[in-house]
Structures are given as structure tokens and as C-alpha cells.
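So the chains spell out like this:
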Protein chains: 2
Amino acid sequence: MDGARWLTPEQLRAWIRLEAVVELLPAVLDSQLQHDEQLTHFEYLVMAKLSESPEHTLRMTALAATTNSTLPRLSHVVSRLESRGFVERSPCPTDRRATNAHLTEAGWQKVVQTAPGHVETVRDYVIDRLTDEQVTQLDEIMQALLQKLDPENTLRRLP
Amino acid sequence: MDGARWLTPEQLRAWIRLEAVVELLPAVLDSQLQHDEQLTHFEYLVMAKLSESPEHTLRMTALAATTNSTLPRLSHVVSRLESRGFVERSPCPTDRRATNAHLTEAGWQKVVQTAPGHVETVRDYVIDRLTDEQVTQLDEIMQALLQKLDPENTLRRLP
DNA sequence: ATAAGTCTCTTGTCGAGACAACCTTTGCGT
DNA sequence: ACGCAAAGGTTGTCTCGACAAGAGACTTAT
């Protein structure tokens, strides 16, 4: 155990708590969305990002990037959403390799219907627990972490 | 979308970034441990908690609590660790319903061998990205969130 | 005693994501 | 033009975790 730089008690405590939050928070978000709307957090995220895009449309690659996801994962999720009528696929006219994902009217309605409850959960579990100053601090801290975690939105894996 | 309290731009930005970190950080930790030691982050966490306990032993329920996990999940993971010789199960003498999970010598060696690389990853991706002041802020913020996420503070005394 | 209820843990099933293999299209070098 | 590598997506397989159901063991009330 020696020979490695250890953590100070303060650092260790902060880390353990961050670890716990990172473990528990996704479960809470998933749980609310699953219970109220039969949606995964990630499924909601996909539709939310589409709803913010011009024409409610994005290429699969772009959608994968904004949702911090891989293409295979996204492809599966879009298939599910497509079978439920929330999203449509269409070949991209300018590049025949590419596929556009488009939010249907039903999908838009679903997002509109889902958003308030989701935001309320986010407020309840995160935002309302913090002072305005802490929200600012949180933003800065997460930004610092993302510079390493997600330098260019491109995650490469070495086998 | 109206009728619900929305988020201010500052709050929204902080949330989106927290969302990204919560999505990406577990993948990074898992990746390092999987690549270097063929361990899941959660498997490592289980063994680490055992290694910090007296006799390197904990009851399954207590272990589930300190790892923020459910009993079924833990049971499956312990089965895997047992088949790899890192953990042993034994019936609790005082309560025959209960099961004690015990870290074997091989398990202890595995933890000792794994810890430095894991800590280094934590430093690299989290601690070293932040000022001391930010570490303190992070600790306080996470503590605030855990009051809602984990009301029964699972860092209880060990039986 | 004993029956009901609770605690502790395990098992089986099912859905979701990681990873690899694959196919098609595009771009690039020569 | 042609051949090859890279980009864009999809599909199949396997593992892990969620959830529900179940089997023992302890507790309590009658």
C-alpha cells in the first residue's frame, strides 16, 4: 500500500461522498422516470436532446456525442424508442452512411409531459439542497472534472 | 412545460455538468480496474470495505449498507468473488439466518495490489483537478446531497 | 406451543449496456 | 480511376444489476 501517494483525510472524505452520490443519484433519477413515465433516464435524455435541436432532428453520431454515449448503446435505445413511436429514423440525404433520428409528435408530447416531473426531482434531490453559491461552486468543480473526463467528447477504449 | 418551476441558466448548467460527470466517472473507474486487475469498481469496493473491517469480516447486510448496495446485488457479487477465491462465506454462529463474508488472504493481497492504481486514478481524474478549497466545497456539497439521497447515513459503526 | 410476522439471504428471470464483428459508404492516396 | 483505410450504424453475444419470489431462521403474541 506504500509507495503510492495516499489521500489526506479531507480528500478521502470528499471522494467517498462523491463516490456515494455517483452511485445513488442515477438510481433515483431512473426510478422516478421509470415509475412515472416508463422511461429510462437515458431514454429521456435522448429525447430531450432531440427536442432542443432544430427540426427535432439529429444525426446518430451527434446525438451520441451530446448524450455522452456510444453508438451501439444509442442505436439500441433508439430502436426501442422507435418501436414505441417516439422517434423515427431516416437516412441522411447528403451522406448515405448516416442516419437521422427525428422526434415524432408523440415523442415531443412525451417530453413535454415528462419534463416537469423530472425537473422537480432534480430540484428536490440536488438544486434545492444547495445554496446559490454552492450551485456555482458545483458548476465550476464539475467543469474542472470534465476537462479530463471528456476533453473532446470522444472516448476511445483500448482493449 | 409551464406550471413547473424551471431552472435558472446557472442551475441548469451546473446540473448538466453534474449529469455528465455522474455518467462518465463510473465508466472511467470501472475501465481502469477492469483493465489492470479484472475487477469491477463495485467488486473492489466490496473487498476494500472488508479489508477495513475487524477480522476482515462483515455480515452481508452490513456490507450491503456500507457499499450502498442491495442484498441481491451483493449476493451475486460475493458469489463471483468467492469463486475466484477472494472471499469466503460462513454462517454466522450467533444468528443462523446471517452470513459472514470474509476476505481471504488472496483477497487481501488483491486489495493491496489494486489500491495504489485505483487511488492514482482517483487523484488523476478528481482530486488533482481541484484546489484544496474546491475539495472542501465538494465535500460539503456532496454531504448536502447525501442527506436526501441517503438519510440513514450508512457509515454506521460496525457490529 | 404455535401461528403469524419479520429479518436475512439466495435464486431465477429479464432488460440494458459493453464489446466485438460486420456491412455499407465516403474520402484519400497514388 | 482504383484500391484501401476510415467513418457511420447495426446486430449479436455476454455480463451485470433490478426485481420478484422463495426458503430458513428468529421474534412475538396468544
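Residues numbered from 1 in each chain as written. Chains lettered and ligands numbered in written order. Predicted model: local features only at pLDDT ≥ 70, side-chain atom pairs only at ≥ 80, totals over all residues. Heavy atoms only, no water.

With an unreviewed UniProt entry as reference, chain A is termed MarR family transcriptional regulator, source organism Herbiconiux daphne.

This part takes up the overall build of chain A. A tally of regular secondary structure across chain A gives six helices and three strands. C-alpha extents for chain A along the principal axes are approximately 55 × 40 × 25 Å. Long-range pairs, those at least 24 residues apart, make up 53% of the contacts in chain A with a sequence separation of at least 6. Here chain A displays about 8,600 Å² of accessible surface, and carbon together with sulfur accounts for 52% of that area. (Helix = DSSP H or I, 4+ residues; strand = E, 2+ residues; numbered from the N terminus. Contact = heavy atoms within 4.5 Å. Areas by Shrake-Rupley, 256 points an atom, 1.4 Å probe, with all protein chains shown as cover.)

On to the relation of the copies chain A and chain B, then. Two copies of a chain can be linked by a rotation about an axis combined with a shift along that same axis. Once turned by 180° and shifted 0.0 Å along the axis, chain A lies on chain B with an RMSD of 0.1 Å. Accordingly, the operation relating the two chain copies is best matched by a two-fold axis. Measuring from the rotation axis to each C-alpha of chain A, the shortest distance belongs to V22 of chain A, at 2.6 Å. Comparing interface residues between copies, 93% of those in chain A also lie at the interface in chain B; the contact surface is shared. (Least-squares fit on C-alpha atoms with pLDDT ≥ 70 in both.)

Time to look at the packing of aromatic side chains. One pass over the full model with this rule turns up zero aromatic pairs over all chains. Sitting above the plane of the Y125 of chain B ring, K148 of chain A keeps its charged end 5.1 Å from the centroid. (Phe/Tyr/Trp six-rings, centres within 6.5 Å; stacked < 30°, edge-to-face > 60°. Lys NZ or Arg CZ within 6 Å of the ring centre and 35° of its normal.)

Attention now moves to the sheet that holds strand β3 (residues 99-103) of chain A. All names here are of chain A. The three strands lie next to each other as β1-β3-β2, forming an open sheet whose pairing is antiparallel. If you trace the sheet from one side to the other, it starts and ends with β1 (57-59) and β2 (87-91), each paired once. Pairwise comparison of adjacent strand axes, ignoring direction, gives a mean angle of 25° for this sheet. By the bridge criterion, three bridges tie β1 to β3 in an arrangement that is antiparallel. The residue bridging T57 from the neighbouring strand is H102, located in β3. (Pairing = 2+ DSSP bridges. Axes fitted to C-alpha atoms, helices over the stretch in contact; angles between N-to-C directions.)

Next up on the list: the protein's contact with DNA strand D. Within the structure, DNA strand D sits among 20 residues, and T61, S75, H76 and R89 of chain A together with R96 of chain B are positioned closest to it. Between DNA strand D and R73 of chain B there is a distance of 3.2 Å, counted from a phosphate oxygen to a side-chain nitrogen or oxygen. At 2.8 Å from a phosphate oxygen of DNA strand D is found a main-chain nitrogen or oxygen belonging to R96 of chain B. In terms of residue count, the dominant contributor to the surface near DNA strand D is helix α4 (residues 71-83) of chain B (five residues). Among the residues forming the surface near DNA strand D, the class breakdown is six nonpolar, six polar and eight charged. (Near = heavy atom within 4 Å. Polar contact = N/O pair within 3.5 Å; in protein donor to acceptor, adjacent residues only side chain to side chain. Nonpolar A, V, L, I, M, F, W, Y, C, P; charged D, E, K, R; others polar.)

With that out of the way, let us pick up the nonpolar core. In terms of nonpolar packing, the biggest core is built from 48 residues, with L25 and M142 of chain A together with L25 and M142 of chain B touching the most fellow members. Listing elements by their share of this core, those giving two or more residues are α1 (9-37), α5 (105-125) and α6 (132-149) of chain A together with α1 (9-37), α5 (105-125) and α6 (132-149) of chain B. With near-sequence residues (within four places) excluded, M142 of chain A lies in contact with R17, L18, V21, L138 and M142 of chain B. (Core = buried A, V, L, I, M, F, W, Y, C linked by side-chain atoms within 4.5 Å. Buried < 20%, exposed > 50% of the residue type's maximum accessible area, 1.4 Å probe, protein only.)

Contacts between the two partners involve 60 residues from chain A and, on the opposite side, 58 residues from chain B. Taking both sides of the interface into account, the surface hidden between chain A and chain B amounts to around 6,300 Å²; carbon and sulfur atoms contribute 70%. Where chain A meets chain B, there are twelve salt bridges. Between R5 of chain A and E120 of chain B there is a salt bridge, with the nearest N and O atoms lying 3.4 Å from each other. The interface formed by chain A and chain B includes 16 residue pairs in polar contact (both at pLDDT 80 or more). Listing elements by their share of the side of chain A that touches chain B, those giving two or more residues are α1, α2 (41-51), α5 and α6 of chain A. With 17 residues, α1 of chain A is the largest single contributor of residues to the side of chain A that touches chain B. Looking at the side of chain A that touches chain B, its residues break down into 36 nonpolar, seven polar and 17 charged. (Buried area = accessible area lost by both parts, 1.4 Å probe. Salt bridge = Lys/Arg side-chain N within 4 Å of Asp/Glu carboxyl O.)

Strand pairing in a sheet takes place through backbone hydrogen bonds and is either antiparallel or parallel in direction. All names here are of chain B. Read from one edge of the open sheet, three strands run β1-β3-β2, paired in antiparallel fashion. The sheet is open, and its two borders are formed by β1 (57-59) and β2 (87-91), each paired with just one other strand. If you compare each strand with its neighbour and ignore which way they point, the axes differ by 25° on average. Here β2 runs beside strand β3 (residues 99-103); their pairing, made up of five bridges, is antiparallel. In the sheet register, V87 faces β3, and the bridge partner there is L103.

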